[in-house]
Amino acid sequence: MNDVTNDFDLEQFLPYLLNQAAEATSHSFEKEYRDRYGFTRTQWRVLANLGKFGAMTARDICAIGHIEKTKVSRAVAALETTGMLHRSPSERDRRAEVLSLTEKGLGVFAELGSMAVSFDRQLRDMLGSDQAGQLQALLRRLMALSPSSSQS
């Protein structure tokens, strides 16, 4: 083994730590929407983006949420089947469809959004106000510094 291999500690590698923290917190909230609605993480993310930002294309959701196209396509199909969203042809691009939440989807978004606010509040309380604010500022700074954030 060379020095680089000896110096590398996966458990201290910031991208690894960020991923592990994201996975741990995401899995904790996942139980809420999975148990209540049977949603996958991608279905929740599609619903949340449409609820927050309004009607948009699947391509927009992929870009905003950094989600793979095939995962979004599957989530959209499932949400449409359950009556949560509606597709309509895009007036600007005939190849695209505009996705929007139905009344049922808006209701589910309101309920899960309220649960997400409570979940976020619990996380912030566990960290304490100062550390939660610092963490949020640091995460936003990392996102702004990331080369991929300027390419999205």
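Heads up: these notes are all about the structure in this document. These figures come from a predicted structure and were not determined experimentally.

A few words on the sheet that holds strand E1 (residues 56-57). One open sheet accounts for 3 strands, arranged E1-E3-E2; its pairing is antiparallel. The open sheet has two edge strands, E1 and strand E2 (85-89), and neither has a second partner. The pairing of E2 with strand E3 (residues 97-101) spans 5 bridges and is antiparallel. Residue Arg87 lies in a different strand from E3, and its bridge partner there is Leu99.

Another point: a nonpolar patch on the surface. A cluster of nonpolar side chains, Leu14, Leu17, Leu18, Leu127, Leu135, Leu139 and Leu142, forms an exposed patch at the surface whose accessible area comes to about 570 Å². Of all elements in the fold, only helix H2 (14-37) and helix H7 (129-145) reach the threshold of two or more residues within the nonpolar patch. Structurally, the position occupied by Leu135 is in helix H7. Owing to a relative accessible area of 39%, Leu135 belongs among the partly exposed residues under this scheme.

This next bit is on the environment of Gln12. With respect to the helices, strands and loops of the structure, Gln12 is situated in the loop between helix H1 (3-7) and H2. For Gln12, a relative accessible area of 57% translates into the label exposed. Linking Gln12 and Met115, residues 103 residues apart in sequence, is a C-alpha distance of 32 Å.

This model, assessed by the stated rule, comprises 6 aromatic pairs. Relative to Trp44, the ring of Phe29 lies with its centre 5.4 Å away and its plane at 65°, an arrangement referred to as edge-to-face. Taken together, the residues Phe29 in helix H2 and Trp44 in helix H3 (residues 41-53) connect sequence positions 15 residues apart. Through successive ring pairs, a cluster of aromatic residues spans Phe29, Tyr33, Trp44 and Phe119.

Here we come to the layout of surface pockets. Where empty space is left becomes clear once a probe the size of a water molecule has been rolled over the atoms. Of the pockets and cavities examined, the largest pocket occupies roughly 2200 Å³. Residue lining of the largest pocket: 40 residues in total, with Ala22, Thr25, Ser26, Leu139 and Met143 positioned closest to the centre. For the lining of the largest pocket, the elements supplying multiple residues, two or more each, are H2, H3, helix H4 (58-65), helix H6 (103-127), H7 and helix H8 (147-151). Considering every element that reaches the lining of the largest pocket, the biggest residue donor is H2, with 11 residues. Counted by class, the lining of the largest pocket contains 22 nonpolar, 11 polar and 7 charged residues. Here the second largest pocket defines a volume of roughly 520 Å³. In this structure, the second largest pocket is lined by 20 residues; those nearest its centre are Thr57, Ala58, Arg59, Ala96 and Glu97.

Conventions used here
Chains are numbered independently. Their residues run from 1 in the order of the written sequence. At least 70 in pLDDT is required for a residue's local features to be given in this predicted model, at least 80 for side-chain atom pairs to be given and counted, and no such filter applies to totals for whole chains, interfaces and linings, which use all residues. The basis for every side-chain value is the complete set of non-hydrogen atoms in the structure, without hydrogens or water. By definition, two strands form a pair when at least two bridges between them are found by DSSP. Helix and strand definitions follow DSSP, with helices as H or I runs of at least four residues and strands as E runs of at least two, each counted in order from the N terminus. Patch membership is restricted to residues that have no salt bridge and whose relative accessible area is over 30%. Joining uses 9 Å for like charges and 5 Å for the nonpolar side chains Val, Leu, Ile, Met, Phe, Trp and Tyr. Where accessible areas are quoted, they stem from the Shrake-Rupley method and a 1.4 Å probe; at the residue level, only the protein chains shown are allowed to cover. Think of a salt bridge as a Lys or Arg side-chain nitrogen and an Asp or Glu carboxyl oxygen that are within 4 Å of each other. In this scheme, a residue with accessible area under 20% of its type's maximum is buried, one over 50% is exposed, and one in between is partly exposed, where area comes from a 1.4 Å probe on protein chains only. Two rings belonging to Phe, Tyr or Trp (six-membered ring only in the last case) form a pair when the distance between their centres is within 6.5 Å. Interplanar angles under 30 degrees mark stacking, angles over 60 mark edge-to-face geometry, and anything in between is tilted. Cavities and pockets were defined on a 1 Å grid built over protein atoms only: a cavity is a set of grid points that admits a 1.4 Å probe from which the probe cannot escape, a pocket is an open set flanked by protein on both sides within 12 Å along at least five of seven lines, and lining residues are those with an atom within 4 Å of any such point. Grid points are joined across faces, edges and corners, and a volume is the space filled by probe spheres set on the points. When residue character is reported, Ala, Val, Leu, Ile, Met, Phe, Trp, Tyr, Cys and Pro are called nonpolar, Asp, Glu, Lys and Arg charged, and the others, Gly included, polar.

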